[in-house]
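Structural features, examined
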Amino acid sequence: MTAIRRLLRGLTFASLCAALVLEPAAAQEPSVTPPVTAPGRLVDVGGWGVHLNCTGERSAGQPIVVLEAGVGAFSVEWSLVQPGVTALGRVCSYDRAGSGWSDWGPHPRTMRQIVYELHTLLDAAGEQPPFVLVGASYGGWLARWYHLTYPQEVAGLVFVDAGASDPLRLTPDGREVPSSALATGRPIPPVRTSEPLRPNQIPPAAMEQIRAGLRVASERANEPPRDRLPAEARAMRTWGLGQVGHVVAAVNPFEVEELAELRRRTAEHPHLFGDVPVTVITRGRSDDTGPTAAAREMSHRADHAKLAALSRRGRQVIAEGSGHHVQLEDPTLVVRLIGDILVAARQ
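Just so you know, these numbers come straight off a predicted model, no measurement behind them.

Parameters and conventions
Residues numbered from 1 in each chain as written. Predicted model: local features only at pLDDT ≥ 70, side-chain atom pairs only at ≥ 80, totals over all residues. Heavy atoms only, no water. Phe/Tyr/Trp six-rings, centres within 6.5 Å; stacked < 30°, edge-to-face > 60°. Helix = DSSP H or I, 4+ residues; strand = E, 2+ residues; numbered from the N terminus. Buried < 20%, exposed > 50% of the residue type's maximum accessible area, 1.4 Å probe, protein only. Salt bridge = Lys/Arg side-chain N within 4 Å of Asp/Glu carboxyl O. Disulfide = S-S within 2.5 Å. Pairing = 2+ DSSP bridges. Right-handed = clockwise from strand over helix to strand, strands pointing away. 1 Å grid on protein atoms, 1.4 Å probe; cavity = no way out; pocket = protein on both sides within 12 Å on 5 of 7 lines; lining within 4 Å. Points joined across faces, edges and corners; volume = space filled by probe spheres on them. Nonpolar A, V, L, I, M, F, W, Y, C, P; charged D, E, K, R; others polar. Core = buried A, V, L, I, M, F, W, Y, C linked by side-chain atoms within 4.5 Å. Contact = heavy atoms within 4.5 Å. pLDDT = per-residue confidence, 0-100. Expected span 1.5 Å × (residues − 1). Arc of directions from axis to C-beta.

Looking at the packing of aromatic side chains
Considering all chains together, one arrives at 4 aromatic pairs under this definition. Measuring from ring centre to ring centre gives 6.4 Å for F131 and Y146, while their planes differ by 85°; the resulting arrangement is edge-to-face. Pair noted here: F131 is in strand β5 (residues 131-136) and Y146 is in helix α5 (residues 138-149), with a separation of 15 residues, a long-range link. Residue Y146 is classed as buried on the basis of its relative accessible area, which comes to 1%. Here Y146 and Y150 contribute two aromatic rings whose centre-to-centre distance is 5.0 Å and whose plane-to-plane angle is 50°, an arrangement assigned as tilted. With a relative accessible area of 14%, Y150 lands in the buried category. Members of the aromatic cluster, connected to one another through ring pairs, are F131, Y146 and Y150.

The following block contains the structure:
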């Protein structure tokens, strides 16, 4: 479990969501200066800036690769992958609003909201479709939501040990249950195109909860395998995971409802991805321990096989020797498989 996931478990979502009904603040609190200069540029997406880092040259007819990090991660997560993909074509990583070098965005931070912001970001930056979306862990759900929302823009998909279709979640009383058991059919709120959240809109009790966990999150920012990242990337993670905005950026009280919607769409369309080439990379080594670890791993692989089967041109690849963070433990494999999808997308 990531440091951000640990911290979010202790937050009272209701108190954070209460910020949505407050009057907009006059100005955002000034943030501490990041220790590293942003490698990309800040692009306005409606009153808040999102950091986009695009490298490489696009050849005629070639899709742009868009890298989507997992929860609690941002663009530096791809430091071992992006240089390799740059040699193949145009590739963009970015920081979701509130994380890395990006400004805070509107709340709640639903997947629908994030996908809207990514689409707006790419368009405003002049990075035009088609795209090959590469989603790691939580980023896999976002890649699926992007495809649902803008299917005509997606030329290929690569899932890097993507999140489960029905992940386990902890209840307030400590029970572990499938997310489907928590979904109630609450409507997912519409996308917000203005009024980003301000620090002084967060209720004091919620802010206190957040700040209480920042030091530990920052100290654990570069535990293995993130110790493999370059020094500047590690410095940004240490700083970034100590920022209030980074935690707020991951708060989505509607996650279980959005996952339920993904499952509903999948059930309705056995080949949801159609003929879009898809590669699902599954870890070869379990990060879990305990008596249920083997059974959970079998379920994880079966779930990923079903994800690959949503495309008539889908395949599953086991990253032998890698745990959950394949982009850090075997970046060469990830680069090669992205290259394969780039070729397949043009066929």
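Structural notes on the pattern of salt bridges
Using the criterion set out here, one finds 21 salt bridges in the structure. Two residues, R90 and E127, come together in a salt bridge whose shortest N-O distance is 2.7 Å. Here R90 is found in the loop between α3 (82-86) and β4 (91-94), whereas its partner E127 is found in the loop between α4 (111-124) and β5, with 37 residues between them in sequence. The partner of R296 in a salt bridge is E176, and the shortest N-O contact between them spans 2.6 Å. Note that R296 is positioned in helix α10 (residues 293-308) and E176 in strand β8 (residues 176-178), a separation of 120 residues in sequence. Ionic contacts of the salt-bridge type, sharing partners, join the residues E261, R264, R265 and E268 into one network.

A few points about the state of the cysteines
Under the definition given, this model contains 1 disulfide. Between C54 and C92 runs a disulfide, and the two sulfur atoms are separated by 2.0 Å. On the S-S bond that ties C54 to C92, the torsion sits near 110°, and the link is right-handed. Of the two residues, C54 is situated in strand β2 (residues 49-55) and C92 in strand β4; the sequence distance between them amounts to 38 residues. Grouping residues by exposure puts C54 and C92 together as buried.

Some details on unusual backbone geometry
Residue H107 is joined to P108 through a cis peptide bond whose omega torsion reads 5°. Relative to the helices and strands, P108 resides in the loop between β4 and α4. With omega at 10°, the peptide bond leading from P224 into P225 counts as cis. For P225, the position within the fold is in the loop between α6 (204-219) and α7 (231-240). A positive phi angle, close to 55°, is found at S137, a residue other than glycine. Along the chain, S137 falls in the loop between β5 and α5. One non-glycine residue with positive phi stands out, namely D161, at about 45°.

Quick word on the pairing of strand β10 (residues 314-319)
Two elements, strand β9 (residues 278-283) and β10, share 6 bridges in a ladder whose sense is parallel. Of the residues in β10, the one forming a bridge with T282 is I318. Taking the sense of rotation as the criterion, the β-α-β connection linking β9, α10 and β10 turns out right-handed.

Comments concerning empty space enclosed by the protein
Per the counting criterion, the structure on display carries 3 cavities of 30 Å³ or more. Of the voids in this model, the largest cavity is the one considered here, and its volume is about 90 Å³. Around the largest cavity, the lining residues are V71, G72, A73, R96, S99, I114, Y138, H246, A249 and A250. Partitioned by chemical class, the residues of the lining of the largest cavity number 6 nonpolar, 3 polar and 1 charged. Of the voids in this model, the second largest cavity is the one considered here, and its volume is about 50 Å³. Considering the residues around the second largest cavity, the lining is formed by V66, E68, Y94, I114, V115, L118, L133, V134, L142, A143 and Y146. The set of elements that each furnish at least two residues to the lining of the second largest cavity consists of β3 (64-68), α4, β5 and α5.

Overview of the nonpolar core
Within the largest apolar cluster, 45 residues are counted, with the highest numbers of intra-cluster contacts made by L52, L121, L133, Y146, L157 and F159. For L133, the contacting residues outside a window of four places in its chain are V66, A143, Y146, V154, G156, L157 and V158. Core analysis: the next-biggest nonpolar cluster, separate from the first, contains 24 residues, V132, V158, V160 and L337 among them.

A word on the confidence of the model for the chain
The predicted model of the chain has a mean per-residue pLDDT of 92, with 91% of residues at 70 or higher. Under a pLDDT of 50 for its full length, residues 6-15 has, in the predicted model, 26 contacts with residues more than four places off or in other chains. Considering only residues more than four positions removed or in separate chains, one finds that residues 17-31, a stretch of pLDDT under 50, has 23 contacts.

Details of α10
With 16 residues, α10 extends 23 Å from end C-alpha to end C-alpha; this agrees with the ideal 22 Å at 1.5 Å per step. Among the residues of α10, A293, E297, H300, D303, H304, L307 and A308 are the ones counted as buried. Looking straight down α10, one finds its buried side chains confined to an arc of 140°; they lie on one side. Looking at α10, the residues exposed on the side facing more than 90 degrees away from the buried face are A294, A295, M298 and K306.

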